[in-house]
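This is what each chain is made of:
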Amino acid sequence: SDHAAYPQKKATDIYGMLRDKGYLVLKDEVEHFDPNEDFDKVDMARSKVFVTPVRSYELFINAPEGSKEYESIQDQVLTMLRTWVDKEAGKCPILLALPKRHAALLGYWGDQCGDIIYFMEDGYESGYPSADVQRPDPYVWVPRDFGAHHGPYLPTARTKVSSNAAFFLGWGEGLKKGYERNPEQLGYMHETSVVPIVCHLLNIAPPDQCQGNVPR
């Protein structure tokens, strides 16, 4: 259940916007920047913000954390994302953009965590641009080919027939028969709870690195 996918409505080019506004600078020009393929082309000496392979919805600030420069860049980029408007739809393609200090609320923490975390509005996708599509807006357009995605959205993204949320199904001694958790009343169970549940049912201690807990 990890790979549910929400249908795409619009394509966007956030990296192009970061480049045009001078935050992301490349050594060599590429038509469409892909952090998984083009990370070595990032000019770290001149970039204020950069992205890394795999963690493409986290932005890293190229300044000492806690410095005035760091906080200024963070504020500027957050404002840019939060005030960005799809001219055709009249809405912001970004559902949520947070500084690192608030990211733990959504499960982002640790040494690898980005300095800015952002989630796309349902149906908007970044990183899959089609070069041959006419774009009245340089950063938002209707794609040539439609797909479905799960990476850029919150886990609660859903349609009438599908959901991005994972599900947990368990059977055995110690589990209530026929029980179904109501997330609207009890909140969502987290994936970090799986190991604690298994350890609890086996009556063994969880690993030292375990960060989850047993949902009752």
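This one's a predicted model, so the numbers in the text were calculated from it and none came from an experiment. (Residues numbered from 1 in each chain as written. Predicted model: local features only at pLDDT ≥ 70, side-chain atom pairs only at ≥ 80, totals over all residues. Heavy atoms only, no water.)

With respect to the secondary-structure elements, Asp38 resides in helix α2 (residues 35-38). What Asp38 contacts, discounting residues up to four positions off in sequence, is Val30, His32 and Phe33. (Helix = DSSP H or I, 4+ residues; strand = E, 2+ residues; numbered from the N terminus. Contact = heavy atoms within 4.5 Å.)

Below, the discussion takes up the state of the cysteines. All chains considered together, the criterion is met by zero disulfides. Summary of cysteine pairing: Cys113 is not part of a disulfide, and the nearest cysteine sulfur, belonging to Cys210, is at 20 Å. (Disulfide = S-S within 2.5 Å.)

Residues Phe168, Val194, Val198, Leu202 and Ile204 make up a contiguous nonpolar surface patch of about 420 Å² in total accessible area. The residue Leu202 is located in helix α6 (residues 194-202) in this model. (Patch = residues over 30% accessible without salt bridge, like charges linked within 9 Å, V, L, I, M, F, W, Y side chains within 5 Å. Areas by Shrake-Rupley, 256 points an atom, 1.4 Å probe, with all protein chains shown as cover. Salt bridge = Lys/Arg side-chain N within 4 Å of Asp/Glu carboxyl O.)

Averaged over every residue, the pLDDT of the chain is 90; the share at 70 or more is 95%. Taken element by element, the predicted model of the chain shows its lowest mean pLDDT in strand β9 (residues 148-149) (86) and its highest in helix α3 (residues 68-83) (98). (pLDDT = per-residue confidence, 0-100.)

One pass over the full model with this rule turns up five aromatic pairs. Between the aromatic rings of Tyr6 and Tyr153, the centroid separation amounts to 5.5 Å while the plane-to-plane angle is 65°, which identifies the pairing as edge-to-face. Of the two residues, Tyr6 sits in strand β1 (residues 6-7) while Tyr153 sits in the loop between β9 and α5 (183-186), which places them 147 residues apart along the sequence. A relative accessible area of 3% places Tyr153 in the buried class. Ring centres of Tyr108 and Phe119 lie 6.1 Å apart, and the angle between their planes is 75°; on these two criteria the pair is classed as edge-to-face. Residue Tyr108 is located in the loop between α4 (100-103) and β6 (116-120), and its partner Phe119 is located in strand β6; the two are separated by eleven residues in the primary sequence. A residue is classified by how much of its surface remains accessible, and Phe119, at 6% relative accessible area, is buried. (Phe/Tyr/Trp six-rings, centres within 6.5 Å; stacked < 30°, edge-to-face > 60°. Buried < 20%, exposed > 50% of the residue type's maximum accessible area, 1.4 Å probe, protein only.)

Attention now goes to the sheet that holds strand β7 (residues 124-126). Strand order in the open sheet formed by three strands is β7-β2-β8, and the pairing between neighbours is mixed. Each edge of the open sheet is held by one strand with a lone partner, namely β7 and β8 (140-141). Of the pairings in the sheet, the one linking strand β2 (residues 10-12) to β8 comprises two bridges and is antiparallel in character. Bridge pairing links Ala11 to Trp141 in β8. (Pairing = 2+ DSSP bridges.)

Right, let's get into the pattern of salt bridges. Within the structure shown, the criterion is met by nine salt bridges. A salt bridge links Glu29 to Arg19; its shortest N-O distance comes to 2.7 Å. Of this pair, Glu29 sits in the loop between α1 (14-20) and α2 while Arg19 sits in helix α1; the two residues are ten residues apart in sequence, bridging distant segments of the chain. Looking at Glu29, the relative accessible area reads 68%, which means it is exposed.

Now for α3. Compared with the 22 Å implied by 1.5 Å per residue over 16 residues, the 22 Å span of α3 between its first and last C-alpha is a close match. What α3 keeps buried is the set Tyr70, Ile73, Gln74, Val77, Leu78, Met80 and Leu81. Taken end-on, α3 shows its buried residues confined to a sector of 160°, consistent with a single buried face. Turned more than 90 degrees away from the buried face of α3, the exposed residues are Lys68 and Thr83. Buried residues along α3 sit against α1, β3 (49-50), β4 (58-61), β5 (94-99), α4 and β6. (Expected span 1.5 Å × (residues − 1). Arc of directions from axis to C-beta.)

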